[in-house]
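The residues making up each chain are set out below.
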Amino acid sequence: MEHFESPAVTSLILVYFRRDYHWKRPSRRAVLTLAYQSLGIVYGDLSTSPLYVYKTTFSGKLSLHENDEEVFGVLSFIFWTLTLIPLFKYIYFVLSADDNGEGGTFALYSLLCRHARLCILPNQQASDEELSAYDVEGTSETWPSSMLKDFFTQHPRFRNGLLVVVLLGTCMTIGDGVLTPTISVLSAVSGISVKATNLHENYIVAISCAILVVLFSLQHHGTHRVGFIFAPIVTAWLLCISGIGVYNIIRWNPSVFHALSPVYMFRFLKSTGFEGWMSLGGVVLCITGSETMFGNLGHFSPLSIKIAFTFLVYPCLILAYMGEAAFLSKHHEDIQRSFYKAIPEAVFWPVFIVATLAAVVGSQAVISATFSLISQCCALSCFPHVKVIHTSSKIYGQIYIPEVNWILMCLCLAVTIGLRDTNMIGHAYGLAVTIVIFVTTCLMSLVILIVWKQKLIMALMFLVLFGSVELLYISASFIKIPEGGWIPLVLSMIIMSVMYIWNYGTLRKHEHDLENKVSVHRILELGPTLGMVRVPGIGLIYADLVTGVPAIFGHFATNLPAFHQVLVFICVKSVPVPYVSEEERFLIGRIGPKEFRIFRCIVRYGYKDLQHENNDFENVLVSKIMAFVEMEEQILAQNWHSCSNQESDAELVDFPFLVRTNQAHAKHLSSCSDIHVMKPYENHQQINGPLIRDETLEILRAKESGVVYILGHSYAKAKKSSSLIKKLAIDVVFAFLSKNCRGPDVILSVPNSLLLEVGMVYYV
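The residue count restarts for each chain, going from 1 along the sequence in the order it is written. Totals for whole chains, interfaces and linings use every residue, but because this is a predicted model, local features are given only for residues with pLDDT of at least 70 and side-chain atom pairs only at 80 or more, for both listing and counting. The side-chain quantities take in all heavy atoms of the structure and omit both hydrogens and water.

- Going by what an unreviewed UniProt entry lists, the protein is known as Potassium transporter and is assigned to Dioscorea cayennensis subsp. rotundata.
- UniProt positions are given in the numbering used here, feature names are shortened, and annotations may be inferred rather than shown by experiment. In the Subcellular location (unreviewed entry) part of its UniProt record, the protein is described as follows: "Membrane".
- Word for word, the UniProt comment on the protein under Function (unreviewed entry) is "Potassium transporter."

## With respect to the overall build of the protein
Then, in step 1: Secondary structure elements are taken from DSSP: a helix is a run of H or I of four residues or more, a strand is a run of E of two residues or more, and numbering for both begins at the N terminus. On a plain count of helices and strands, the protein comes out with 30 helices and 11 strands.
Then, in step 2: Throughout, exposure labels follow a simple rule: accessible area from a 1.4 Å probe, protein chains only, divided by the maximum for the residue type, with under 20% read as buried, over 50% as exposed, and the rest as partly exposed. A buried classification covers 56% of the 764 residues belonging to the protein.
Then, in step 3: Considering only contacts within the protein whose residues lie at least 6 apart along the sequence, 83% involve residues at least 24 apart.
Then, in step 4: Using a 1.4 Å probe, accessible areas were evaluated by the Shrake-Rupley method; residue-level cover was limited to the displayed protein chains. Accessible surface for the protein amounts to roughly 32600 Å². Of this, 62% is attributable to carbon and sulfur atoms. Note on definitions: a residue-residue contact is assigned when non-hydrogen atoms from the two residues lie within 4.5 Å.

## A word on the environment of Leu199
Then, in step 1: By the element assignment, Leu199 lies in the loop between helix H9 (192–195) and helix H10 (201–217).
Then, in step 2: Ignoring any residue separated from it by four or fewer positions in sequence, one finds Leu199 in contact with Ile192 and Ile204.

## Concerning the environment of Pro262
Then, in step 1: Along the polypeptide, Pro262 turns up in the loop between helix H11 (230–252) and helix H12 (263–272).
Then, in step 2: The exposure class of Pro262 is partly exposed, given its relative accessible area of 33%.
Then, in step 3: Through-space distance from the C-alpha of Pro262 to that of Gly73 is 8.5 Å; in sequence the pair is 189 residues apart.
Then, in step 4: Contact partners of Pro262, with chain neighbours within four places excluded, come to Ser76 and Trp80.

## With respect to the pairing of strand S10 (residues 707–717)
Taken residue by residue, a regular strand's side chains alternate between the two faces of the sheet.
Then, in step 1: Strand pairing is assigned whenever DSSP identifies at least 2 bridges connecting the two strands. Examined bridge by bridge, strand S3 (residues 534–542) and S10 share 5 bridges and lie parallel to one another. Its bridge partner being in S10, Gly539 is matched across the sheet by Val708.

## Points about the nonpolar core
Then, in step 1: Formed by 159 residues in total, the largest nonpolar core has its most connected members in Tyr43 and Tyr340.
Then, in step 2: Sort the elements by how many residues they give to this core and helix H19 (residues 422–450) lands first, with 17 residues.
Then, in step 3: The contact partners of Tyr43, leaving out residues within four places of it in the chain, are Ser38, Val234, Met293, Ile305, Ala308, Phe309 and Val313.
Then, in step 4: Grouped together as the second largest cluster of nonpolar side chains are 33 residues, Phe628, Ile699, Ala702 and Val750 included. Only buried residues count toward a nonpolar core. Its members are Ala, Val, Leu, Ile, Met, Phe, Trp, Tyr and Cys residues joined through side-chain atoms within 4.5 Å.

## A look at the packing of helix H5 (residues 68–92) against helix H15 (residues 302–328)
Then, in step 1: Lines are fitted to the C-alpha atoms to define the axes, a helix being fitted only along its stretch in contact, and any angle between axes, read from their N-to-C directions, falls within 0 to 180 degrees. Running from N to C, H5 and H15 cross one another at 175°; their axes reach a closest spacing of 10 Å. When the axes of H5 and H15 are compared, the pair comes out roughly antiparallel. Across from Val71, Leu75, Ile78, Phe79, Leu82, Thr83, Pro86, Leu87 and Ile91 in H5, the residues of H15 making contact are Ile305, Lys306, Phe309, Thr310, Tyr314, Leu317, Ile318, Tyr321, Met322, Ala325 and Leu328.
Then, in step 2: The classification used treats Ala, Val, Leu, Ile, Met, Phe, Trp, Tyr, Cys and Pro as nonpolar, Asp, Glu, Lys and Arg as charged, and all other residues, Gly among them, as polar. Its residues placed into classes, the contact of H5 with H15 shows 17 nonpolar, 2 polar and 1 charged. When an angle is under 35 degrees it counts as roughly parallel; over 145 it counts as roughly antiparallel; between 65 and 115 it counts as roughly perpendicular; any other value is oblique.

## Thoughts on the pairing of S3
Then, in step 1: Sheet topology places S3 next to strand S4 (residues 563–574); 7 bridges connect them, and they run parallel. Within S4, the position partnered with Ile538 by the bridge is Val566.

## What to know about empty space enclosed by the protein
Then, in step 1: The distinction between a cavity and a pocket rests on a 1 Å grid over the protein atoms alone: a 1.4 Å probe fits inside a cavity but cannot get out, while a pocket stays open yet meets protein on both sides within 12 Å along at least five of seven lines, and a residue with an atom within 4 Å of a point counts as lining. Grid points are joined across faces, edges and corners, and a volume is the space filled by probe spheres set on the points. Considering all chains together, one arrives at 3 cavities of 30 Å³ or more under this definition.
Then, in step 2: In this structure, the largest cavity encloses a volume near 160 Å³.
Then, in step 3: Tyr109, Cys119, Leu121, Leu163 and Leu380 are, among the 16 residues lining the largest cavity, the residues nearest its centre.
Then, in step 4: Those elements giving two or more residues to the lining of the largest cavity turn out to be helix H6 (105–116) and helix H21 (486–515).
Then, in step 5: The leading source of residues in the lining of the largest cavity is H6, at 4 residues.
Then, in step 6: For the lining of the largest cavity, the residue count by class is 13 nonpolar, 3 polar and no charged.
Then, in step 7: Computed from the structure, the second largest cavity encloses a volume of approximately 80 Å³.
Then, in step 8: Every residue lining the second largest cavity is listed: Ile241, Ile244, Gly245, Asn248, Ala320, Gly323, Glu324, Phe339 and Ala342.
Then, in step 9: Counting only elements with at least two residues in the lining of the second largest cavity, the list comes to H11 and H15.
Then, in step 10: In terms of residue count, H11 provides more of the lining of the second largest cavity than any other element does, 4 residues in total.
Then, in step 11: Tallied by class, the residues present in the lining of the second largest cavity amount to 5 nonpolar, 3 polar and 1 charged.

## What to know about the sheet that holds strand S7 (residues 657–658)
Then, in step 1: A sheet is described by the order of its strands in space; here 7 strands give the open sequence S7-S5-S6-S4-S3-S10-S11, paired in mixed fashion. One side of each edge strand has no neighbouring strand; the edge strands of this open sheet are S7 and strand S11 (755–763).
Then, in step 2: As judged from the 9 bridges shared by S10 and S11, these two strands associate in the parallel manner. Bridge pairing in S11 places Lys717 opposite Tyr763.
Then, in step 3: Sheet strands touched by H21: S10 and S11. Its angle to S11, the strand with the most contacts, is close to 100°.

## Side note on the packing of aromatic side chains
Then, in step 1: Any two rings among Phe, Tyr and Trp, with Trp reduced to its six-membered ring, count as a pair given centres within 6.5 Å; such a pair is stacked if its planes are under 30 degrees apart, edge-to-face if over 60, and tilted if neither. Applying the stated criterion to the full structure yields 28 aromatic pairs.
Then, in step 2: Taking the centre distance of 6.2 Å and the plane angle of 65° together, the rings of Phe93 and Phe466 count as edge-to-face. You can see Phe93 sitting in the loop between H5 and H6 and its partner Phe466 sitting in helix H20 (residues 456–478), a full 373 residues away along the chain.
Then, in step 3: Judged by its relative accessible area of 2%, Phe466 is buried.
Then, in step 4: In this structure an aromatic cluster arises from ring pairing among Trp237, Phe339, Tyr340, Phe348, Trp349 and Phe352.
Then, in step 5: We call a charge positioned above a ring when the Lys NZ or Arg CZ atom is no farther than 6 Å from the ring centre and deviates by at most 35 degrees from the ring normal. Here Lys195 stacks its cationic end above the ring of Phe348, 4.8 Å away from the centre of that ring.
Then, in step 6: For the cation-ring pair, Arg267 lies above Tyr264, with the distance from its terminal atom to the ring centre recorded as 5.1 Å.

## Here we look at the environment of Glu618
Then, in step 1: Following the sequence through the fold, Glu618 ends up in helix H24 (residues 617–630).
Then, in step 2: Apart from the residues lying within four places of it in its own chain, the contact partners of Glu618 are Lys703, Val707 and Tyr709.
Then, in step 3: What qualifies as a polar contact is a pair of N or O atoms within 3.5 Å, subject to a donor-acceptor requirement within protein and to the restriction that residues adjacent in sequence count only when both atoms come from side chains. Engagement of the side chain of Glu618 in a polar contact is seen with the side chain of Tyr709, the distance being 2.9 Å.

Laid out in structure tokens, this is it:
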């Protein structure tokens, strides 16, 4: 095979180091390669902000005050906002709060869940804390961290409130997936009107819609197919705008450097008053895409992102904004078309083409991030299950969700056609961006106290310094709600309603399963009657329980009083870590005596893992069970102390263990599970390797006879005494979502011939 090295391969290697938790410090060359690659993935949105910042800022009554004081004041706000939020806050603080190399809102929430036990996910076990990624070691507790932990423990409502805050930030980020492509593409295409002054607005909208349709239609091919051209496009764009900025500074107003003084901000607010404060909703657009630096941390290294922003993105953006301000100081009449008007005639069309391509690149990054967020919400039971397609067999985590893709496209087209004005879209965009950034600030303050265990004054300084700036922009953006700011609020309310109703319905289902489960002690009391009829094969019974026997088993036994030769109760659950390695994914235990041949398997996934991605799940499961049987005595001896802490002796047989096998043993068991012709073997026969027990041979014969999936098909109904709102939410909304989302059989790719569904109704 031909050997080669590329940025994508380098990134892939680093990602897999993180997933396997064997991080190796990359070389300087690798860091620089990642820094270059991050330009196309991370900074596409942030670098296209100059297309619409000044235009949106001066879209209101502030346009009546177009003189050097106002222009310089806006430039001063832009400079210090870019310096405080992306440079100081994200580069020097937030990027340090990674969760095993992963970033984003869920990463901060995951850190808090582990260190303060805030997680409200069901089925959490003490054994989950033994995961490699579940690292809560650190400095000794401080009184602020202890106080906060006790507060959240004593007040469960505030734990739920924290989840709502996280979901709010998530919903606003998803809203960015609608607004970013719209404002970026429409702003880039509107540059045609500078040269074609007679071109009707409808044509600009039509061209923008056509580009958006093409953009979303190409999503199923995956980012990796065109990703290699992203970095050159953004690099060319940054060099173009910085070069044009230097040209405009020299030609029109070299004294524009004076605006970097914060004094101009106070002069601006003093001279413009309420109108100047309202215009800050446009200024905040200069930091759109800042959250992407943290959200995409898992695909790069913190050092590479810091290098790319500090040494290229930040200075290029500052020069671009300064150059446009220098041009505006001499051309007040071109305020609404200042970006394209400031481009020299000789390079106008090349810059226009690069601007359009850069807008598409920035949109692509946000769309891909939306797919990733939806997938994470599904893993946390906060969103209905949707179809997730892997777009790359080499790069882990690149996914495509058809339903979400087409919904985003329709919403983008609706906003583009309905508003037609980048100023109104900018008002909506600014509100969404500021809320997301403020949510990160709040979560980061808790991380400083609970995770980093710093002094209270440190967290307060961080919250006051950055939170006050962000609240200033949020207040200015709220004034623009009637002028387009209502769009992200409506979208977020709809998405949050769906998330809350789905989460509420699934949690009530889990509570119903817990209340109606059959204890292991009851199974032991049944004794010999349990094996009334045992048919050949393996029965995989899926349930959301980590202990006890699910109620669907009783329903199944009532309607079909026969059990398979081998029964496996499988629970697929999420844990508050980004990834779970393959070695730690399966917990295997036994239910009842050995002659029952009943096992429990708990399959654990992180919030960034792609669930059910293994097409060879049956063979992997059988291999794990065989490994458990072969090493059962050794495993029980090693874990006897943990078992002795259980509440009753009856539960000892329902305590799943992590099964670790060396490479040779795992390969041997895997080869055994592929045997197609089984013959009678005597006790402790040998098959090309270690000794094989009778029980292992019986499992192999059962596997050869066939595997049947037994799934519970639950229907939720509101109680008769429930309120009208609850009945509407459960009987209408949740029922509609349950009926139209992907069921467990589709997610598991179960053939209909191997599927048995047991219907159940539960009241909430």
